[in-house]
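# Structural features, examined
Residue-level listing of the chains:
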Amino acid sequence: MKRRAFLRSSMVGTATLLATPALAQTRPEIRWRMPTSYPKSLDILHGSSERIARRVAALTDGKFQISTFAAGEIVPPLQVLDAVQNGSVECGGTPSFFYVGKDPTFAFDTAIPFGLTTRAQNAWVFEGGGFALMREFYKSYNVLHFPAGNTGAQMGGWFRREINTIDDLRGLKLRVAGLGGQVFARMGAVPQNIPPGDLYAALERGAVDAVEWIGPYDDERLGFVKIAKYYYYPGWWDPCAQTNVFVNLDHWQKLPKDYQNALELACAEAHGWIVHAYDSRNPAALRRLIQAGVQLRPFSPEILRQAERIAFDLYDEIAAKNEKFRAVYEPWKKFREDILLWFSVAEISLDSFLLTSEQAKRRQR
């Protein structure tokens, strides 16, 4: 009896082993292209697209290959969504708030001023209804979105001169993306949406007076410290910044189900990796920048208070005119209120104590 059971078990195992290569042989060979909005020098953001491509290939026995392209190689950096939408490429990696000129609703899927931090954004997207809301919005653009990374809270940018009051912002030419540009415009600044690969040149030749990108690790690689010495924080317009992989819906529907699963899994893995990468690399980069002569400066409470008031007035105005924006904004705002209350009880109270305690220890050293 035991022998027959063993033989049956062995036959099942052998059949499984034989079926796996047979299944691989029946898989179609598919080639996709994935342009991104980032130069190759940004090894986390652009590098994540390469990680996604490698993971997809590994999960499909090399049958599903995605070729990645840096900003401008086959698609201009601020037109990745357009290329995916019209099907000239199958997918693309880009933050959604580059496209608020089409509809301000795009901003929710990356960041909006004084919005959600990374953990709160993840909670809203994956458990708080945000994913379904944005999927509904993206239908009209013929794309699916897959969250594929988050930078965490960003820095406030590089300025040639000190910014102490609201008056110091008047006439200031500042590179800033998303709805943050509209808030700065209402504060008297002149916002510019410039691709990341062009930021250094724009600052160097004086086309802008200040630039903001992400944080110490990327900012050091882009070389801003060579031109501007005042490094401001916090980046209140980017309390987090989620990036996405956009997929053309028609191409997606032609993929075998296991290829779809492979791409979705690869994006989810990249989503976590980018957060970890920035959190682990930013501290050392900030120390190096300070050693290089950077003047670290906080935005004044006056600037923060006025910017927050302007931001939420702006959202209310947009919601009154834009039904798609309102459909996301109203549940988003309620979620924000609830999670801030929870964080104030647990996370923020503990963080405040830890920071105060660490500062006291440093003063005693």
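Residues numbered from 1 in each chain as written. Predicted model: local features only at pLDDT ≥ 70, side-chain atom pairs only at ≥ 80, totals over all residues. Heavy atoms only, no water.

## Side note on the pairing of strand 4 (residues 143–150)
Counting buried positions over the eight residues of strand 4 gives eight, a clear majority of the element. Strand direction decides the pairing type here: strand 4 and strand 10 (residues 242–248), joined by six bridges, are antiparallel. Paired with Asn150 across the two strands is Gln242, which belongs to strand 10. (Buried < 20%, exposed > 50% of the residue type's maximum accessible area, 1.4 Å probe, protein only. Helix = DSSP H or I, 4+ residues; strand = E, 2+ residues; numbered from the N terminus. Pairing = 2+ DSSP bridges.)

## Overview of helix 6 (residues 179–186)
By the burial criterion, the buried members of helix 6 are Leu179, Gly180, Gly181, Val183 and Phe184. Buried residues along helix 6 sit in contact with strand 6 (173–175), strand 7 (190–192), helix 11 (301–321) and helix 12 (323–345). Positive backbone phi, approximately 100°, marks Gly188, located one or two places after helix 6. (Contact = heavy atoms within 4.5 Å.)

## Here's the deal with the packing of helix 5 (residues 130–138) against helix 12
One can describe the packing of helix 5 onto helix 12 by two numbers: an axis separation of 10 Å at closest approach and a directional angle of 175°. By the angle class used here, helix 5 and helix 12 are roughly antiparallel. Contacts from Leu133, Met134 and Phe137 in helix 5 reach Lys324, Ala327, Val328 and Pro331 in helix 12. (Axes fitted to C-alpha atoms, helices over the stretch in contact; angles between N-to-C directions. Parallel < 35°, antiparallel > 145°, perpendicular 65-115°, else oblique.)

## Focus on the sheet that holds strand 10
An order of 3-10-4 is seen for the three strands of this open sheet, with the pairing classed as antiparallel. In the strand order of this sheet, the two ends are held by strand 3 (91–94) and strand 4, each with one partner. Mean inter-strand twist for the sheet, computed between neighbouring axes without regard to direction, equals 20°. The sheet strands contacting helix 5 are strand 4 and strand 10, and the helix crosses strand 4 at an angle near 135°.

## Some thoughts on the packing of aromatic side chains
Going through the model one piece at a time under the given rule, you end up with 30 aromatic pairs. Relative to Tyr141, the ring of Phe106 lies with its centre 4.9 Å away and its plane at 65°, an arrangement referred to as edge-to-face. In this pair, Phe106 is assigned in the loop between strand 3 and helix 4 (118–126) and Tyr141 in the loop between helix 5 and strand 4, connecting sequence segments 35 residues apart. Tyr141 sits in the buried class, given a relative accessible area of 12%. The interplanar angle of 65° and the centroid separation of 5.5 Å between the aromatic rings of Phe108 and Trp332 together place this pair among those described as edge-to-face. Here the residue Phe108 occupies a position in the loop between strand 3 and helix 4, and Trp332 occupies one in helix 12, the gap between them amounting to 224 residues. Here the guanidinium or amino end of Arg51 rests over the ring plane of Trp273, the centre of that ring lying 4.0 Å away. Lying over the aromatic face of Phe146, Arg135 brings its terminal NZ or CZ to 4.9 Å of the ring centre. (Phe/Tyr/Trp six-rings, centres within 6.5 Å; stacked < 30°, edge-to-face > 60°. Lys NZ or Arg CZ within 6 Å of the ring centre and 35° of its normal.)

## A word on the side chain of Thr110
With respect to the secondary-structure elements, Thr110 resides in the loop between strand 3 and helix 4. Given the relative accessible area of 0%, Thr110 is considered buried. From its side chain, Thr110 meets the backbone nitrogen of Ser96 in a polar contact 2.8 Å long. A polar contact is formed between the side chain of Thr110 and the backbone nitrogen of Phe97, at a distance of 3.2 Å. In contact with Thr110, not counting residues within four places along its chain, are Pro95, Ser96, Phe97, Gln121, Cys240, Ala241 and Gln242. (Polar contact = N/O pair within 3.5 Å; in protein donor to acceptor, adjacent residues only side chain to side chain.)

## A closer look at the pattern of salt bridges
In this structure the tally under the stated criterion is 20 salt bridges. Among the salt bridges present, the one from Arg221 reaches Asp43, with a minimum N-O distance of 3.6 Å. In this pair, Arg221 sits in helix 8 (residues 216–222) while Asp43 sits in the loop between strand 1 (30–35) and helix 2 (45–59), placing the two residues 178 residues apart along the sequence. By relative accessible area, Arg221 is classed as partly exposed at 41%. By relative accessible area, Asp43 is classed as partly exposed at 27%. Between Glu162 and Arg297 there is a salt bridge, and its shortest N-O distance comes to 3.3 Å. With Glu162 in the loop between strand 5 (157–159) and strand 6 and Arg297 in strand 11 (residues 295–298), the pair connects residues that are 135 residues apart, well separated along the chain. Its relative accessible area of 32% is what places Glu162 among the partly exposed residues. The network of salt bridges with shared partners includes Arg27, Asp61 and Asp258. (Salt bridge = Lys/Arg side-chain N within 4 Å of Asp/Glu carboxyl O.)

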